[in-house]
Each structure stands twice: as structure tokens, then as C-alpha cells.
Amino acid sequence: MIEKYSDTSGYNRTINSTIEIGIRPPNTYSVWKHANCVGCLKAGKQHWYCVYVHRKDIFEEAKEAESIIGHSIIAEGVWLKDLEKDFEKMLTAGVPANEHIPDGKFWKAARKYTKKGLQDMFPCECWSA
């Protein structure tokens, strides 16, 4: 869901969204909250999960950059290489990769999805081999 612009100037607007006049937003808004750079250095884990899923090339470059500079990109001091295993588990479990889900709801769902083992999510005879 794309957020509508809130005009605080006091002027009466003739349109509230470009959609009203037939201009669709760029496809990037289906995943990202903004059309700024993907792999933002100010972003948190949810954004980097989206990068991991949708732009693996940028995720790999960011991991390499962390290694070169010796510092984590994410402010909490969490390294992308340390998140990769969790991100893969989230992806396998079907955690949606977009920024439009509020943080709390997103991480609650991620914990719920990933709490189950792969055997619980994909029951089949191949697990008993």
C-alpha cells in the first residue's frame, strides 16, 4: 500500500495522488517505501532482508564492503554475513520481503514463520531418509 502525501501547506489540492490522473508509481514502490537507493546505509534489518531477497547482488557487495572497512552497515552492529543464514530461513519459510509491513508486525511474523522447522513446513518422505 502506497502512503498518500500529506500536504500541510494549507492550499486546497486538486489531486492527492498521481494515480488519480493516470500516472502509476514506479514498480519499486511495490517493495520499497521510497525510490531512493537500495541498500541504504541508514537502513535496518527489514530493509536488508528485502535487499537479500530482491537484490542479492547489492547484498553481496554490502557484505564485501563490511569486510573491507571492518565495520557493520547496520547501526546495531549486526553484520550482514551473520544475518544471511536467518534471511535464507525467512525466505524459505515464505516471509514476505517488503517494507510496507510495520516493523513489529514484520518481525513477529518472521519469528512465527521461522519457528517451525523445515520438516514442519514441507512434510514429505525425504526427511526420513
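Our structure's up above, just so we're on the same page.
What you see is a predicted model, and the numbers here were worked out from it, not measured in a lab.

Scoring rules and cut-offs
- Residues numbered from 1 in each chain as written.
- Predicted model: local features only at pLDDT ≥ 70, side-chain atom pairs only at ≥ 80, totals over all residues.
- Heavy atoms only, no water.
- Core = buried A, V, L, I, M, F, W, Y, C linked by side-chain atoms within 4.5 Å.
- Buried < 20%, exposed > 50% of the residue type's maximum accessible area, 1.4 Å probe, protein only.
- Helix = DSSP H or I, 4+ residues; strand = E, 2+ residues; numbered from the N terminus.
- Contact = heavy atoms within 4.5 Å.
- Expected span 1.5 Å × (residues − 1).
- Bend = angle between axes of the 7 residues up to and from the residue.
- Phe/Tyr/Trp six-rings, centres within 6.5 Å; stacked < 30°, edge-to-face > 60°.
- Salt bridge = Lys/Arg side-chain N within 4 Å of Asp/Glu carboxyl O.

(A) Quick peek at the nonpolar core. Core analysis: the largest hydrophobic core is formed by 20 residues, its most contacted members being Trp 48, Tyr 49, Phe 59, Leu 80, Phe 87 and Met 90. When residues of this core are traced back to their parent elements, those giving at least two are helix H1 (45-54), helix H2 (56-69), helix H3 (80-93) and helix H4 (103-115). Counting residues per element, this core draws most heavily on H1, which supplies five residues. The residues contacting Tyr 49, other than those within four sequence positions of it, are Phe 87, Met 90, Leu 91, Val 95, Pro 96, Ala 97 and Phe 106.

(B) Local environment of the side chain of Glu 84. Following the sequence through the fold, Glu 84 ends up in helix H3. For Glu 84, the residues in contact, after removing those within four places along its chain, are Tyr 52, Lys 56, Phe 59, Glu 60 and Lys 63.

(C) Quick peek at H3. If you check H3, its first and last C-alpha atoms are 19 Å apart, about what 14 residues at 1.5 Å a residue would give, namely 20 Å. Considering bend angle alone, the principal kink of H3 is centred on Asp 86 and spans about 25 degrees. Where H3 is concerned, the buried positions are Leu 80, Leu 83, Glu 84, Phe 87, Met 90 and Ala 93.

(D) A look at the packing of aromatic side chains. For the coordinates displayed, the defined rule picks out seven aromatic pairs. Members of the aromatic cluster, connected to one another through ring pairs, are Trp 48, Tyr 49, Tyr 52, Phe 59, Phe 87, Phe 106 and Trp 107.

(E) Fine view of the pattern of salt bridges. Applying the stated rule across the entire model yields four salt bridges. Across the salt bridge formed by Glu 84 and Lys 63, the nearest N and O atoms sit 2.6 Å from each other. Residue Glu 84 is found in helix H3, and its partner Lys 63 is found in helix H2; the two are separated by 21 residues along the sequence. Residue classification places Glu 84 among the buried positions, given a relative accessible area of 18%. A salt bridge links Asp 82 to Lys 81, with the shortest nitrogen-to-oxygen separation between them at 3.6 Å. Lys 81 sits in the exposed class, given a relative accessible area of 53%. Among the ionic contacts, a cluster of salt bridges with common partners joins Glu 60, Lys 63 and Glu 84.

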